[in-house]
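Residue-level structural notes
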Amino acid sequence: MLNLRQLEIFREVIRCQTTVGAAEALAISQPAVSNAIRQIEAQLGLPLFDRVGNRLVPTAEAQEVMRGSEPIFSLYRAFSQKLKDLRDTRTGSLRVLSTPALSNALVPRALKAFLATRPDMHVFFDVRRTPGVVEGVETGFVDLGFSLSPQPRPGIEATAICTGQMVCVCPPDHPLADRSEISAADLAAHPLVGFEPGTPLGFALNQGFWTPALQERVMVETRYSGTACLLAESGVGVAVVDSFAVVGGRYDLVFRPLSPRVPIQAFALTARGQPPKRVVRAFLKEVQASAVRFADPFVATP
């Protein structure tokens, strides 16, 4: 049986028709090429080349060996390209879960940029509540999770990727739309959309901004910023949501920073003790690059 290296030398000799040319192409010595050809002929028990002057003319049997080896080298080239793509994170698979807040704009924008140069990458992306994201990472169902909570669990490694802030959203014709920033006193004069107790967003607001007076003005409680934005857009009440929800510009709303500012941090969750795949590290870099637009302080006008 011939090994792959022998076949490679044999094919190069056929291509160049001289051992000198084959040696230069393969970056080995000319005697090494000559010895390899003699060994191949001895192993096969038949001559493969006719010596015509300085040229090696392949015999009919050599041409048949050449044709037979083509599928092998086609597979070899494809496999070599796959290895290169894996090294350059241009192929493979990526499984991602995200909580709703970060699935509105941040993760999709990063995925768009990430896949633009990786047409052969396969991605699974789903949206879950925080416990579902944590479970997916801990069990190995996904490679990566995104959450607005660091999730201090033994099996979870949480990496802060960016800091946004809570912002006030209201329709363009609302009285608060003319203000450059919104205080708790400003909100207390209007019907409000609030967050269900125990949510990361509700917890962030309760750290010194959300007062009992504001809670009394809450008309509807919800769990997600996207739902709060839809309620605000429908005129149910003014909402305070995370900036990750509104940067995408999907709502007919204006959004204003709070005074004082209320930061909200986004985290990437990976399994502790298991170094992430190269493709996961590459995607995390893309997320961090996309996160620049969401950074704190975030003061924006529609």
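So, here is what we can say about the structure in this document.

All right, on to the packing of helix H1 (residues 4-16) against helix H3 (residues 30-44) then. In a pair of packed helices, the angle between the axes and the distance between the axes together describe the arrangement. Where H1 contacts H3, the axes come no closer than 10 Å and their chain directions differ by 110°. Between H1 and H3, the angle falls in the class roughly perpendicular. Contacts from Gln 6, Ile 9, Phe 10 and Val 13 of H1 reach H3 at Val 33, Ala 36, Ile 37, Gln 39, Ile 40 and Gln 43. Each residue belonging to the contact of H1 with H3 can be placed in one class, and the counts come to seven nonpolar, three polar and no charged.

Taken as a whole, the largest pocket encloses approximately 380 Å³ of empty space. Looking at the largest pocket, it is lined by 24 residues, and the ones nearest its centre are Thr 130, Leu 148, Thr 199, Pro 200 and Leu 201. Of all the secondary-structure elements, those providing two or more residues to the lining of the largest pocket are helix H5 (100-103), helix H7 (130-138), helix H9 (200-205) and strand S11 (263-271). Of the residues that constitute the lining of the largest pocket, the class distribution is 13 nonpolar, nine polar and two charged.

Where H1 meets helix H2 (residues 19-26), the axes come as close as 8 Å, and the angle between the chain directions of the two elements is 125°. Between H1 and H2, the angle falls in the class oblique. As for how H1 packs across H2, the hand of that crossing is right-handed. From H1, Arg 5, Glu 8, Ile 9, Glu 12, Val 13, Arg 15 and Cys 16 reach across to H2, where they touch Gly 21, Ala 22, Ala 25 and Leu 26. For the contact of H1 with H2, the residue count by class is six nonpolar, one polar and four charged.

What follows deals with a nonpolar patch on the surface. Taken together, the side chains of Leu 4, Ile 72 and Tyr 76 make up a nonpolar region of the molecular surface, amounting to roughly 250 Å² of accessible area. As for its position among the elements, Leu 4 is in helix H1. Accessibility expressed as a relative area gives 36% for Leu 4, which makes it partly exposed.

Next up on the list: the pairing of strand S6 (residues 156-170). As a general feature of sheets, a regular strand has side chains that alternate between the two faces. By the bridge criterion, nine bridges tie S6 to S11 in an arrangement that is antiparallel. Paired with Thr 159 across the strands is Ala 268, a residue of S11. Two strands pair when backbone bridges link them, and S6 and strand S10 (residues 254-257) are joined in this way by four bridges, in the antiparallel orientation. Paired with Val 167 across the strands is Pro 257, a residue of S10.

Here we come to unusual backbone geometry. With glycine set apart, most residues show a phi of negative sign, and most peptide bonds adopt trans. In this structure, the amide linkage connecting Ser 259 to the following residue, Pro 260, adopts the cis form with an omega of 5°. Residues other than glycine seldom take positive phi values, yet Gln 17 does so here, at roughly 65°. On the accessibility criterion, Gln 17 (23% relative accessible area) is partly exposed.

Right, let's get into the nonpolar core. Counting 62 residues, the largest nonpolar core has Phe 146, Val 169, Leu 187 and Phe 283 as its most contacted members. Setting aside residues up to four positions removed in sequence, Val 169 forms contacts with Cys 229, Ala 232, Val 238, Ala 239, Val 241, Val 246, Leu 253, Val 254 and Phe 255. By size, the runner-up hydrophobic cluster in this structure holds 16 residues, among which are Ile 9, Ile 40, Leu 48 and Leu 56.

If you walk through the whole model with that rule in mind, you get 11 salt bridges. Between Asp 126 and Arg 128 there is a salt bridge, and its shortest N-O distance comes to 3.0 Å. For Arg 272, the salt bridge is made with Glu 157, and the minimal N-O distance between the two is 3.0 Å. Linking Arg 272 in the loop between S11 and helix H13 (278-290) with Glu 157 in strand S6, this pair joins segments that are 115 residues apart in sequence. Judged by relative accessible area, which is 34%, Glu 157 ranks as partly exposed.

Reading guide: rules and limits
- Residues numbered from 1 in each chain as written.
- Predicted model: local features only at pLDDT ≥ 70, side-chain atom pairs only at ≥ 80, totals over all residues.
- Heavy atoms only, no water.
- Axes fitted to C-alpha atoms, helices over the stretch in contact; angles between N-to-C directions.
- Helix = DSSP H or I, 4+ residues; strand = E, 2+ residues; numbered from the N terminus.
- Parallel < 35°, antiparallel > 145°, perpendicular 65-115°, else oblique.
- Contact = heavy atoms within 4.5 Å.
- Nonpolar A, V, L, I, M, F, W, Y, C, P; charged D, E, K, R; others polar.
- 1 Å grid on protein atoms, 1.4 Å probe; cavity = no way out; pocket = protein on both sides within 12 Å on 5 of 7 lines; lining within 4 Å.
- Points joined across faces, edges and corners; volume = space filled by probe spheres on them.
- Left-handed = near helix turned anticlockwise from the far one by under 90°.
- Patch = residues over 30% accessible without salt bridge, like charges linked within 9 Å, V, L, I, M, F, W, Y side chains within 5 Å.
- Areas by Shrake-Rupley, 256 points an atom, 1.4 Å probe, with all protein chains shown as cover.
- Salt bridge = Lys/Arg side-chain N within 4 Å of Asp/Glu carboxyl O.
- Buried < 20%, exposed > 50% of the residue type's maximum accessible area, 1.4 Å probe, protein only.
- Pairing = 2+ DSSP bridges.
- Core = buried A, V, L, I, M, F, W, Y, C linked by side-chain atoms within 4.5 Å.

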